[in-house]
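Residue-level structural notes
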Amino acid sequence: MKGLKKSVAFVMAMALTMATFTGCGAKSETATSQSEVSSDAKKTFTFGDTTFNAENEEANIDPHDTYCGWACIRYGIGETLFKFNDNMELEPWVAESFENVDELTWKIVIKDGVTFSNGKAVDAAAVKACIEDLVAVHERAAGDLAIDTIEADGQTLTIKTQTPKPTLMNYLCDPYGCVIDVEEGNADGIVVGTGPFVCTELVTSDHLNLVKNENYWNGEVKIDEAKVITISDGDTLALALQNGDIDAAYGMAYANYPLFENDEYTFTGTPTSRAFFCQMNYNSPVIKDDVVRKALAMGIDKEGFVNTLLNGYGYVGVGAFPDNFSFGGDVVTTESYDPEKAKTLLEEAGWVDTDGDGIREKDGQTLTIRWISYPSRQELPLLAESAQATLKDIGFDIQLNVTADHGTIVAEKDTWDVYAAAFVTCGIGDPMYFFTTHCLDDSSKNRGGYHSDEIQALADEMNATFDAGARGDIAVKMQQQILDDNAFIFCSFLRMSMITKANVTGLVAHPSDYYEFTADLDIN
Amino acid sequence: MKYSIKRIIQLIPILIAITFLSFAMMRLAGSDVVEQKMLNTGQVVSEAQLEAAKAELGLDKPFLVQYCVWLGNLLHGDMGVSYVSGKDVFETFISKLPATLFLTVTSILLTIVISIPLGIISAVYKNKFWDYLIRFISFIGNSMPNFFVSLVLMYLLGIRLGLFPIISKDMSITSVAMPTFTLAIAMSAKYLRQVRATVLDELSKDYIMGAKSRGVKFSVILWKSVMRESLVTIITLLALSIGSLLGGTAIVESIFMWDGVGKMAVDAINMRDYPIIQAYVMWMAIIYVTVNLITDLSYRLLDPRIRLEDARDE
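Please read all numbers here as calculations on a predicted model, not as lab measurements.

Quick notes on the overall build of chain A
A count of helical and extended segments in chain A gives 15 helices and 21 strands. When the backbone C-alpha atoms are referred to their principal axes, chain A occupies close to 90 × 80 × 40 Å. Taken across its 524 residues, chain A has 46% of its residues classed as buried. Residue pairs at least 24 apart in sequence account for 68% of intrachain contacts in chain A once pairs closer than 6 positions are excluded.

Quick look at the overall build of chain B
Regarding its fold elements, chain B presents 14 helices and 0 strands. Here chain B holds 314 residues, and the buried ones make up 35% of them. Considering only contacts in chain B between residues 6 or more positions apart, those separated by 24 or more positions represent 70%.

Description of the nonpolar core
Of all hydrophobic cores here, the largest spans 201 residues; its most connected members are Ile 110, Val 127, Ala 249, Phe 277, Ile 489 and Cys 491 of chain A. The leading source of residues in this core is helix 8 (residues 173–203) of chain B, at 14 residues. When near neighbours in sequence (up to four residues on either side) are disregarded, Ile 489 of chain A contacts Phe 277, Cys 278, Leu 296, Ala 297 and Ile 300 of chain A.

Considerations on the packing of helix 5 (residues 89–124) of chain B against helix 13 (residues 274–302) of chain B
All names here are of chain B. Remark: helix 5 packs on helix 13, axes separated minimally by 10 Å, with the N-to-C direction vectors making an angle of 55 degrees. Relative to helix 13, the element helix 5 is oriented oblique. Remark: the crossing between helix 5 and helix 13 carries right-handed chirality. In contact with Val 89, Thr 92 and Phe 93 of helix 5, helix 13 contributes Pro 275, Ile 276 and Ala 279. Tallied by class, residues from the contact of helix 5 with helix 13 come to 5 nonpolar, 1 polar and no charged.

Overview of the sheet that holds strand 4 (residues 95–102) of chain A
All names here are of chain A. Read across the sheet, 4 strands follow the order 4-5-7-6 without closing on themselves; strand pairing throughout is antiparallel. Here the strands that pair on one side only, and so sit at the sheet edges, are strand 4 and strand 6 (147–153). Averaged over all neighbouring strand pairs, the angle between strand axes comes to 20 degrees, with direction disregarded. With respect to the sheet, helix 3 (residues 124–137) is in contact with strand 5 (105–110), strand 6 and strand 7 (156–161), its orientation differing from that of strand 6 by roughly 160 degrees.

Section: the pairing of strand 16 (residues 368–373) of chain A
All names here are of chain A. In terms of burial, strand 16 is a largely internal element, 5 of the 6 residues being buried. Of the strand pairs in this sheet, strand 16 and strand 17 (residues 397–402) are connected by 6 bridges, and their pairing is parallel. Looking at the pairing, Trp 371 lines up with Leu 400 of strand 17. Taken together, strand 16, helix 11 (residues 379–394) and strand 17 form a β-α-β motif whose crossover is right-handed. Bridging between strand 16 and strand 18 (residues 418–424) involves 2 bridges; their strand directions are parallel.

Remarks on the confidence of the model for chain B
All names here are of chain B. Predicted confidence across chain B gives a mean pLDDT of 82, with 90% of residues reaching 70 or more. Mean pLDDT in chain B bottoms out at helix 2 (residues 33–41), which sits at 62, and peaks at helix 6 (residues 129–143), which reaches 92. For this predicted complex, the interface confidence reaches an ipTM of 0.72, while the overall pTM sits at 0.77.

Brief notes about the packing of helix 8 (residues 290–299) of chain A against helix 10 (residues 339–348) of chain A
All names here are of chain A. The geometry of helix 8 relative to helix 10 is characterised by a closest axis approach of 8 Å and an angle of 165 degrees between their N-to-C directions. When the axis of helix 8 is compared with that of helix 10, the two are roughly antiparallel. The handedness of the crossing between helix 8 and helix 10 is left-handed. Listed contacts from helix 10 to Val 291, Lys 294, Ala 295, Met 298 and Gly 299 of helix 8 are Pro 339, Lys 341, Ala 342, Leu 345 and Leu 346. When its residues are assigned to classes, the contact of helix 8 with helix 10 shows 7 nonpolar, 1 polar and 2 charged.

A word on helix 7 (residues 146–160) of chain B
Residues three or four positions apart in an α-helix share a direction because the helix packs 3.6 residues into each turn. With 15 residues, helix 7 of chain B should cover 21 Å at 1.5 Å per step; its first-to-last C-alpha distance of 20 Å lies within 8% of that length. Met 154 of chain B marks the point of greatest bend in helix 7 of chain B, at about 25 degrees. Where helix 7 of chain B is buried, its residues meet helix 6 (234–243) of chain A together with helix 8 and helix 11 (250–255) of chain B. Where helix 7 of chain B ends, the next residue or the one after it, Gly 162 of chain B, has phi of about 60 degrees, a positive value.

Remarks on unusual backbone geometry
A positive phi angle is found at Asp 188 of chain A, which is not glycine, with a value near 55 degrees. You can see Asp 188 of chain A is positioned in the loop between helix 5 (168–171) and strand 8 (197–203).

So, the confidence of the model for chain A
Across chain A, the average pLDDT comes to 89, with 92% of residues at 70 or higher. Contacts from residues 7–39 of chain A, a stretch scored under 50 in pLDDT, to residues over four places away or in other chains number 26 contacts.

Looking at the environment of Tyr 216 of chain A
Residue position: Tyr 216 of chain A is located in the loop between strand 9 (207–212) and strand 10 (225–230). Setting aside its immediate chain neighbours within four residues, Tyr 216 of chain A contacts Pro 196, Val 221 and Ala 519 of chain A.

Description of the environment of Ala 184 of chain B
Residues and elements named next belong to chain B. Considering the arrangement of structural elements, one finds Ala 184 in helix 8. On the basis of neighbour counts, which here come to 23 C-beta atoms within 10 Å, the residue Ala 184 falls in the buried class. Remark: the alpha-carbon pair of Ala 184 and Ile 112, spanning 72 residues in sequence, is separated by 8.8 Å. The contacts of Ala 184, once residues within four sequence positions are left out, are Ser 107, Leu 110, Thr 111 and Ile 114.

Focus on the environment of Ala 99 of chain B
All names here are of chain B. Among the secondary structure elements, Ala 99 is positioned in helix 5. Accessibility expressed as a C-beta count within 10 Å gives 24 for Ala 99, which makes it buried. Expressed as a C-alpha distance, the spacing of Ala 99 and Asp 259, which sit 160 residues apart in the sequence, is 6.4 Å. Ala 99 has contacts with Met 171, Trp 258, Asp 259 and Gly 260, leaving out every residue within four places of it along the chain.

Cut-offs and rules
- Residues numbered from 1 in each chain as written.
- Chains lettered and ligands numbered in written order.
- Predicted model: local features only at pLDDT ≥ 70, side-chain atom pairs only at ≥ 80, totals over all residues.
- Helix = DSSP H or I, 4+ residues; strand = E, 2+ residues; numbered from the N terminus.
- Buried ≥ 20, exposed ≤ 12 C-beta atoms within 10 Å, placed from the backbone.
- Contact = placed C-beta atoms within 7 Å.
- Core = buried A, V, L, I, M, F, W, Y, C linked by C-beta atoms within 7 Å.
- Axes fitted to C-alpha atoms, helices over the stretch in contact; angles between N-to-C directions.
- Parallel < 35°, antiparallel > 145°, perpendicular 65-115°, else oblique.
- Left-handed = near helix turned anticlockwise from the far one by under 90°.
- Nonpolar A, V, L, I, M, F, W, Y, C, P; charged D, E, K, R; others polar.
- Pairing = 2+ DSSP bridges.
- Right-handed = clockwise from strand over helix to strand, strands pointing away.
- pLDDT = per-residue confidence, 0-100.
- Expected span 1.5 Å × (residues − 1).
- Bend = angle between axes of the 7 residues up to and from the residue.

Below, the structure is given as structure tokens:
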């Protein structure tokens, strides 16, 4: 027995020694890394992001590859000819001005003094080479831009399009429009841009290492090094920010916001045009009834959804665009939450609860709505539950199906009534995009077969209108028409937020969701 | 040797069957990588573009054709490229392997260090204070799922004590510590009970009484006889764990941002990235067959009775 005790004591001593050794190692390594930071006094910024990954088609930072331009522009590697201001209006960036010579011809003047991060000057020839490479390899860009010819003369670039493109300048602000030095190539998905940061290392879906662009043309870059880390787990993102592993976070879950509502952290948020909305299926006999659609619009408590379920981190929707757009917000009107009026309307239309089960019927048909949505946007399941609860009080039987396989269901015209989805309605600052994709007879996302002669006519008018103000006016009319038809119910808009440590400055959320790292980014 | 070769040959039909089944099951999932990408990015594409993208990846062909093309390429040493990242599958896989191997080694070592001594103590002090305490702790360890242990450790060791980083920044002891603790806690809780049961079983045998009555020291009985007998059971358990750890631990790897094959596999499944999934499935099949082979061989080494039995059968 004495021998056993000795053996056990030996084993335990070994285990303890190993544990102590591991603990000491950990502490000493942490101490070392901290001292390294202080000794060479470099400012290093670490950013945790849920979106920088191959699943979002951001496998690298080459703007000519799928959606990788988002990473290129967000992390300050690339810049576009023009950029959006807070009202999503165009302002100069790499280019100083543009002129719409005729319906098909655009003249763009590139700023003097702009350089790529390798020190090479940016002139019209470099931009021409970049755009030509873009349309050669990027199908979406080629379709959007419809470029016929490009001519370069000094700092002046002349673009001719195949068809009239009133929104050409807006499309050039899409992240795929980042000006890069195509002569440098794109080894490992790394490109040379004109932005304040230069990429030194990229591991897809894991991290991106950046250093300041010593040749930056637009001011002194305050941060020496930056690192973007892909963190897909929401809890890990929150704990990493609390622990100080990262200095700022993008994509924090709403539920974790209260952890950071104190003096140690700063929120930067802005309304975006990512709308959470319901689309009606006109193939459904129940939905074809105008009164049912109107009652649905009156039965969704948008304010309750935003203020309670989203903890106030969102904006109540009226039309297709939020109120930071001149053609958005309350320039249009729609049904407000009014359950009593909805009940009255349904009663008058013959929808009554004859069997006392709380659900209305008409001609032997119950007021059942098959509500389809998907879970990958955290707001959509909450919206479904909120709508189910409030609409039940009116006499609707809402059957929820929130599934990742929603695409298959919605493709069948007779398997659903309402489809709730999220969509960026005005990503390039022009309203036509939403209508083109959702509201016209040939729209790829007109899932419910909505048709309106007025909308078709207004779309034709918009396509022939170049003046931004006039396009906005048409957009107002088009929104009002789809709202009057109750073909869509716009419930809320996303408030895009980033959370930073209090000592971080210069990281400001932008309505476009494009611009994050700038020369002004700093750690104090 | 003959036995080993026989087992390795058995691997071939197993691999073909597994890859065929996994290929078939992924096709039953309902969508493909083109649709998943469209969904994730919210892009609007026409039906023609969708079909063209599928045709480019060969997804428009019948299932059997797709499988045969993949198998044909594999037999020529080409595992293809990822549908999502566009990178070579073999290179992607190999780049993730060191992290998983490192985590496997540290987790197994820590599990051995915790579970064997505690299991022996628990058995030797059966139904006494130490036994009850150890069993209680193992009960708690068994009850807690990995993701919960991860979050508790992150909070305690990362936030409160500031000992370790929350996210794994590199392949260092500091970075691997918390994922290792998470895995070792769950495995140790399970194994120390197995060790206890095995040791108790051995201690109750007659030869132990005989040895004791002949005055052999208890420590000698424990280490030379009991542990040697118990090793067969313990090695079987550890082999199974090594197998599953080498396949990556998706939840732990995702939570701690440990860039291993488990995280890669989950990402690939979410995106229906078939070439990566097939590589992963093959890797898992190879691991299990190899680990089982090594385990069988180690039995023959450790237990002469198995060697003799096999010799008699042959």
